[in-house]
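Residue-level structural notes
One-letter residues, chain by chain:
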Amino acid sequence: MSRILIVAEHLNGKLNSSTARCVTCARELKPDAIDVLVLAEAPDAVAAEAAKIDGIAKVLTLANAANAHALAATYAPQIAAVAKNGYSHVFAPSTTFGKDVAPRVAALLGVAQVSDIMKVIDAHAFQRPIYAGNAIITVQAPADQMLVATVRTASYAAAGDGPNAAPVEAVNVSVELPTHTRFVELAQGKTDRPDLQSASRVVSGGRGVGSAENFAVIFKFADKLGAAVGASRAAVDAGYVPSDLQVGQTGKIIAPELYIAIGISGAIQHLTGIKDAGTIVAINKDGEAPIFEVADIGLVGDLFKLIPELEQALN
Amino acid sequence: MKILVGYKRVVDFNVRVQVKPDGSGVVTEGVKLSANPFDDIALEEALRLREKGLATEVIVATIGPADAQAHLRNGLAMGANRALHVVTSTAVQPLTAARTLLKLIEKEQPGLVILGKQAIDDDSNQTGQMLAALWNRPQATFASKVEIANNVARVTREVDAGLETIEVDLPAVITTDLRLNEPRFIKVPDIMKAKSKPLETIDFASLGVESGDHLKTVSHAPPAKRSKGVMVKDAAELVAALKTKGLL
């Protein structure tokens, strides 16, 4: 009998789509129940959003001023306490939020964690990538203990809304919360563009773009397509764009319908981040670049000449 | 203040790892091994804190087979004061690694522990968080900036939404992200000096660590290959191809 507890990810009063992606993954275990846990200072709005997701039995809320920011040291003991109420699995998205908090929960429970589930075999067997996706392993977790896991969000579409909203229940846990970890600030890039992790179209630039100023070309083209903007590690390291745009093994793993890689050579660490994309387009002046090995459509040429031509052709 | 640095040896990041034909593992024979890149960043950060006078001693620690000594010598050549080698011939999973590192913490009483955010072999991204939980101390993961004053670390973290800054009371566990620093190169004279630095070997069994190796790897497979694509000759052809696929 499996009961899955999914830890909701949210920011500024909005549920992140990573939560509905976890639900899709959880449904593949054919569990007896999937519950979503929302930790927040004022969880009502987020809980109402989560309650709509198809396949949810109920939404649990832990309202506490200490939960105003997602601090792993504060969240983990509360999640572990709720998990002990008969859950067989605790799932969180494999985003920086889930990666931060889930192992702390697992350690408190004294159980193993499966990171980055990309395929469910059964309730205790999963596939996950290792070596930057160069190998896929099947791991078997023990059935006699709770399992903590993170879900590779790019592998699962977000579950849609169901016909009826699930009930929302406030829960209480009696755990002592630490004061040794304090939130100071979150510097968010202000943007009206689609979110990189959930966008259906992404335009990414690499070292070939050449400078932060030149990246304006990428942003303009992305806006034309209504696409989110990403970047290779080389472009981030060179300071062209901030780190939250990085796509790859150690950045964001994404699965847009259309991915356009511009001036990106295609290091394996970058390809790891995009291999679930629907269609990959590569534009690079070097016809031998490894990006062309994975691209569905390749175009060799100077990006500064080709992008204006593409914009023209789109009109 | 002592700083303990986790220093794992992994297949070099430039190696394109191949799955063995029988699916029993990946090919590691004859493959170049190096320090996990995030651990080099962890060591570099510890050395910089020592150079700023914020730490007195930097200890590198690894859990691995007997031949991992040469790897620890590299850490000593980079500048660590001494090394701890927990010797075990079998690879340990993150929960076991965290429990082992906790034993080293109990022995050394460091004021700060710095680990890489993930090892690039198993890509688990768990050990630092687990260690912080078991130690009942703060964690500051995915660090891109660390400032220490008055026994408090102010850490900027690379999160999906941008850059988050948190404050943690020391002792604490910090895990490194790519842009925290650029690790120094090892100089030849330092390789000589490293040979005489203390390196303590500890038998894994002697630590009495309860195994947390609960996961069994059943099989390895190569990733699904994407089918070979087509080349187009100009912008107009590309737009046409995307329209055919219904993407525009």
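Bear in mind the structure is a predicted one, so any value in this text is a computation, not a measurement.

What about the domain arrangement of chain A?
All names here are of chain A. For chain A, the assigned domains read domain 1 (3–170) and domain 2 (201–314). Taking only C-alpha atoms, the centre of domain 1 and the centre of domain 2 are 31 Å apart. Domain 1 puts seven residues into the contact, and the matching count from domain 2 is eight residues. Taking both partners together, domain 1 and domain 2 bury about 680 Å²; carbon and sulfur atoms supply 45% of that area. It is Ala-132, Arg-152 and Ala-154 in domain 1 that bury the most area against domain 2; as a group they hold 68% of the surface buried on that side. The interface formed by domain 1 and domain 2 includes one salt bridge. In this structure, Asp-276 engages Arg-152 in a salt bridge whose closest nitrogen and oxygen atoms are separated by 2.4 Å. Taken together, domain 1 and domain 2 are joined by two residue pairs in polar contact (both at pLDDT 80 or more).

Describing the interface of chain B and chain A
Contacts between the two partners involve 74 residues from chain B and, on the opposite side, 85 residues from chain A. When the two sides are added together, the surface that chain B and chain A hide from each other amounts to roughly 6,600 Å², 54% of it contributed by carbon and sulfur. Of all the secondary-structure elements, those providing two or more residues to the side of chain B that touches chain A are α3 (94–108), α4 (127–135), β7 (139–149), β8 (152–159), β9 (162–169), β12 (216–221), β13 (230–232) and α6 (235–244) of chain B. Among the residues forming the side of chain B that touches chain A, the class breakdown is 37 nonpolar, 15 polar and 22 charged. Pairing of strand β10 (residues 135–140) of chain A with β12 of chain B involves five bridges; the strand directions are antiparallel. The residue of β12 of chain B that forms the bridge with Ile-137 of chain A is His-220 of chain B.

Basis of the calculations
- Residues numbered from 1 in each chain as written.
- Chains lettered and ligands numbered in written order.
- Predicted model: local features only at pLDDT ≥ 70, side-chain atom pairs only at ≥ 80, totals over all residues.
- Heavy atoms only, no water.
- Domains from an automatic or database assignment.
- Contact = heavy atoms within 4.5 Å.
- Buried area = accessible area lost by both parts, 1.4 Å probe.
- Salt bridge = Lys/Arg side-chain N within 4 Å of Asp/Glu carboxyl O.
- Polar contact = N/O pair within 3.5 Å; in protein donor to acceptor, adjacent residues only side chain to side chain.
- Helix = DSSP H or I, 4+ residues; strand = E, 2+ residues; numbered from the N terminus.
- Nonpolar A, V, L, I, M, F, W, Y, C, P; charged D, E, K, R; others polar.
- Pairing = 2+ DSSP bridges.

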